[in-house]
Amino acid sequence: MTFFSAFIFPPLLGCLLIAPFLQHTRFPQKILFLSAVSFPIGYGACSLLLFFAYLVAPPVATWTTLVAGLGIMIFSVKKLLSSFRPTRLSFWAKSIGPFSLPKFNLLPTVFLITGFLLFVFILIRTLDFYSLTISLNVFGGWDAYYFWALKAKFMFRAPAEWQNLFSPDLFWTHPDYPLLLPGSLAWGWLWLGKEAFLWAPFLAIGFYLSCAFLLIWYLTSTVSAFTGYLGASFFLILGPCFFWAVHFYADVPLSFFIAGATLTAVIALREKEEKLWRVSGLLSGLAAWTKNEGILFILSFSCLLMAILFFEKIKSKRQFSRRLYCFLSGAILPVLAILILKTFLGTTGDYLGSGRTLFDYLTLLFSGWDRVLLLLNAYRKSVTSFTLWRGLWGFFLIAVFYLGFRNGRSRYKWVPVGIFLLVNLGYAVAILTSPYNLEWQIQTAFERLLLHTVPLVLAFSFETLALSPNHQ
Amino acid sequence: MLKDRLKVERNGLPSWTRIARVVFYGVAFLLVITSRKPSAPPQAYPLRRILFGGHSAMFKSPGFEFGSLKPFLPQTGKVSFIMDIPYDPHDARMEPFCAAQAHLAPLVLTPFPSERVAIINCSNAAMAIRRSHETNYRIIQGPSGGKAIAVKQP
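Draft legend 1. Spotlight on the overall build of chain B. Counting its regular elements, chain B contains five helices and five strands. The secondary structure elements of chain B, listed N-terminal to C-terminal, are α-α-α-β-α-β-β-α-β-β. Computed over C-alpha atoms, the radius of gyration of chain B comes to 31 Å, more than 25% over the 15 Å expected from 2.2 N^0.38 for 154 residues, which places it beyond the range of a compact globule. Principal-axis analysis of the C-alpha atoms places the extent of chain B at approximately 105 × 35 × 25 Å. When burial is assessed residue by residue, chain B has 26% of its 154 residues classed as buried. Intrachain contacts of chain B at a sequence separation of at least 6 include 56% that bridge at least 24 residues.

Quick look at the structure:
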């Protein structure tokens, strides 16, 4: 019962947190979207609440988090009910009219069933292999156990002295890392009253499957349900995504938030719905709350959105500032948490707080073409590996060329490509200016950095290359 | 009739694009259906039965071997961690340090011989005694299997 309630509370919180922003909008496939984002947003919200509760009153943090969570839920339900329009019922009653069965089309139905069965087959196989793999190493990889779980242990074992997790005396644990994953782990342990080691595998598979559900939602909304199931199945067969999920690293959750924020923004731009910018802002903020790379993402994303909104044919300045306000208000809490963490708690890091000057960075950045070539070679080697990516980057390249030749600017399809380029350019600069050995950095981190944009790249490629709904 | 058909064709996608898209679906479907997960080692099956059968006590977390030192250590604060060799973050032999930190948190371990109390974790008892002398510590518990608790000498 306790495990069940710990499992159900955050997704319910996530669902109720988002639902009011989708109400009375033209947002497509709301149920599918909620099924994809409830789990990550719920755990993101729980980790944020726990962080703020620890800042204010560590000894009663668990109860504060619970009460705050319940308060948000009640407020959301009240908001949903208060703006519920009963006239909608008569609208539906009118539109249904005299009961009639929908027109049966054989081909789309066959495709839908095939896609669904394919996804279920791949999902069962993935879950089976996941359970076998975690049985061999239930504590996860190095970062999972020695960074993320260690931070969670400080929060769980000694609430009064939880700030020791930021101690610069803790070697090789990155005191400046954001706390979405440790917070989610600690939240579960506090709820269960013990360091249940199955909690980390549970969180990891939750985030991993959320990526697949996000692809189902987006591709079903923009192309067809068959494409959604095919895209999600394709994601589940990608080796690196599974590998880093099974090691409980924070890279899969980050890739979810990057894809979620970007795809929601694309829908917000297409549907011209202001309220959706809040959802995109919240997902971007949670990306920053997951990993330092997420901070780079939110900066790139904000710049890109500002440029889009600026060059868009927006009727008034008020409309521009209104959209920007919605985006920022969605991101405010996670960004505030990051600012508190970086300014007052984890003040030392590899980049910010490293004591290096701008000259040091520039020296490293322009210290020779051989380093740049080494990095480019790593990109080439990785993206051309069929074993790793099953031809995903080939699809991506074709989709980019196709988009360039045909209606490149239509329906904001290019936004994911822009994010991919900006984020990876930022990563390239970060790798080149890393204080560690470049080869070691490429060996240990490169594949994970590439993984961050994989669900986004997959959604873009499948949307661009698949048949549009009018031609199925 | 033909006029209508031509109109539809003009408004629709060129046929080569449509063929290319059908090919894309075919290729993606084939890639998914022909994918294989690597086979799990045979020991994974009994381990899974144990893990999900509620016998999780059999799974020992990294650093559990330092649990026996806990009664002799302070609850919180900082403690030094001395090994055979001085600390180097890129050396794989440093893993016991990370494992001990993970197991003994909220105690903060430092790899330098600077704290009043130290955990000595060496490959054998002789090495533990040697390292305690080198770092100016006096062993008060152990050494047992190369592990000991020591205090800083004035």
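From this point, things continue past the structure.
Draft legend 2. Region of interest: helix α6 (residues 142–157) of chain A. Remark: the principal bend of α6(A), roughly 35°, maps to A:A149. Counting buried positions along α6(A) gives 14 out of 16 residues, so the element sits mostly inside the fold.

Draft legend 3. Spotlight on the nonpolar core. Counting residues in hydrophobic clusters, the biggest one holds 172 residues, and the most contacted among them are A:L185, A:L215, A:A287 and A:A459. No other element matches helix α8 (residues 199–222) of chain A, which puts 17 residues into this core. Residues lining this core come from more than one domain, with at least three contributed by each of domain 1 (2–33) and domain 2 (61–152) of chain B. Leaving out residues up to four positions away in the same chain, A:L185 has contacts with A:W148, A:A149, A:A152, A:W199, A:A200 and A:L203.

Draft legend 4. Geometry of the sheet that holds strand β1 (residues 78–82) of chain B. Residues and elements named next belong to chain B. Strand order in the open sheet made by the five strands is β2-β1-β3-β5-β4, with mixed pairing throughout. Across the chains shown, the open sheet's two edge strands, defined by having one partner strand only, are β2 (108–110) and β4 (137–144). Across the sheet, the mean angle from the axis of one strand to that of its neighbour is 30°, orientation sign disregarded. Helix α4 (residues 95–104) rests against β1, β2 and β3 (117–121) of the sheet, and its axis sits at about 160° to β2. Against the sheet, helix α5 (residues 125–134) engages β1, β3, β4 and β5 (147–152), with an angle of about 170° to β4.

Draft legend 5. Representation of the confidence of the model for chain B in the model. Residue and element names in this part refer to chain B. In this model, chain B carries an average pLDDT of 84, and 90% of its residues clear a pLDDT of 70 or more. Note that residues 1–10 has pLDDT below 50 and, in this model, zero contacts with residues that lie over four places away or in other chains. ipTM for the predicted complex: 0.87, alongside a pTM of 0.91.

Draft legend 6. Structural detail: the pairing of β4(B). All names here are of chain B. In this structure, β4 lies alongside β5, joined through five bridges in antiparallel fashion. From the neighbouring strand, Q141 faces β5, where its bridge partner is I149. The hairpin formed by β4 and β5 contains two residues between the paired strands, and G145 there has a positive phi angle of roughly 60°.

Draft legend 7. Spotlight on the interface of chain B and chain A. Counting residues at the interface gives 32 residues for chain B and 37 residues for chain A. Counting residues per element, the ones that place at least two in the side of chain B that touches chain A are α2 (15–33), α3 (44–52), α4 and β2 of chain B. In terms of residue count, α2(B) provides more of the side of chain B that touches chain A than any other element does, eight residues in total. The class makeup of the residues in the side of chain B that touches chain A is 20 nonpolar, seven polar and five charged.

Draft legend 8. Structural view of unusual backbone geometry. Note the cis peptide between B:A105 and B:P106, where omega equals 15°. By the element assignment, B:P106 lies in the loop between α4 and β2. With a phi angle near 60°, A:F248 is a residue other than glycine that sits in the positive phi range. The class of A:F248 is buried, set by 28 C-beta atoms lying within 10 Å.

Draft legend 9. Structural view of the packing of helix α2 (residues 30–56) of chain A against helix α7 (residues 180–192) of chain A. Residues and elements named next belong to chain A. Where α2 contacts α7, the two axes come as close as 8 Å, and the packing angle between them is 85°. In this view, α2 runs roughly perpendicular relative to α7, as classed from their interaxial angle. Contact with α2, carried on its side by Y43, G44, C46, S47, L50 and F51, involves L180, G183, S184, A186 and W187 of α7 and no other residues of that element. Taken together, the residues that form the contact of α2 with α7 break down as seven nonpolar, four polar and no charged.

Draft legend 10. View of the environment of A:G281. All names here are of chain A. Its location among the elements puts G281 in helix α12 (residues 276–290). Separated by 226 residues in sequence, G281 and L55 place their C-alpha atoms 24 Å apart. If we skip the residues at most four places from it in the chain, G281 touches C326, F327, L328, S329, G330 and A331.

What counts, and where the lines are drawn
Residues numbered from 1 in each chain as written. Chains lettered and ligands numbered in written order. Predicted model: local features only at pLDDT ≥ 70, side-chain atom pairs only at ≥ 80, totals over all residues. Helix = DSSP H or I, 4+ residues; strand = E, 2+ residues; numbered from the N terminus. Rg over C-alpha atoms; globule rule 2.2 N^0.38 Å. Buried ≥ 20, exposed ≤ 12 C-beta atoms within 10 Å, placed from the backbone. Contact = placed C-beta atoms within 7 Å. Bend = angle between axes of the 7 residues up to and from the residue. Core = buried A, V, L, I, M, F, W, Y, C linked by C-beta atoms within 7 Å. Domains from an automatic or database assignment. Pairing = 2+ DSSP bridges. Axes fitted to C-alpha atoms, helices over the stretch in contact; angles between N-to-C directions. pLDDT = per-residue confidence, 0-100. Nonpolar A, V, L, I, M, F, W, Y, C, P; charged D, E, K, R; others polar. Parallel < 35°, antiparallel > 145°, perpendicular 65-115°, else oblique.

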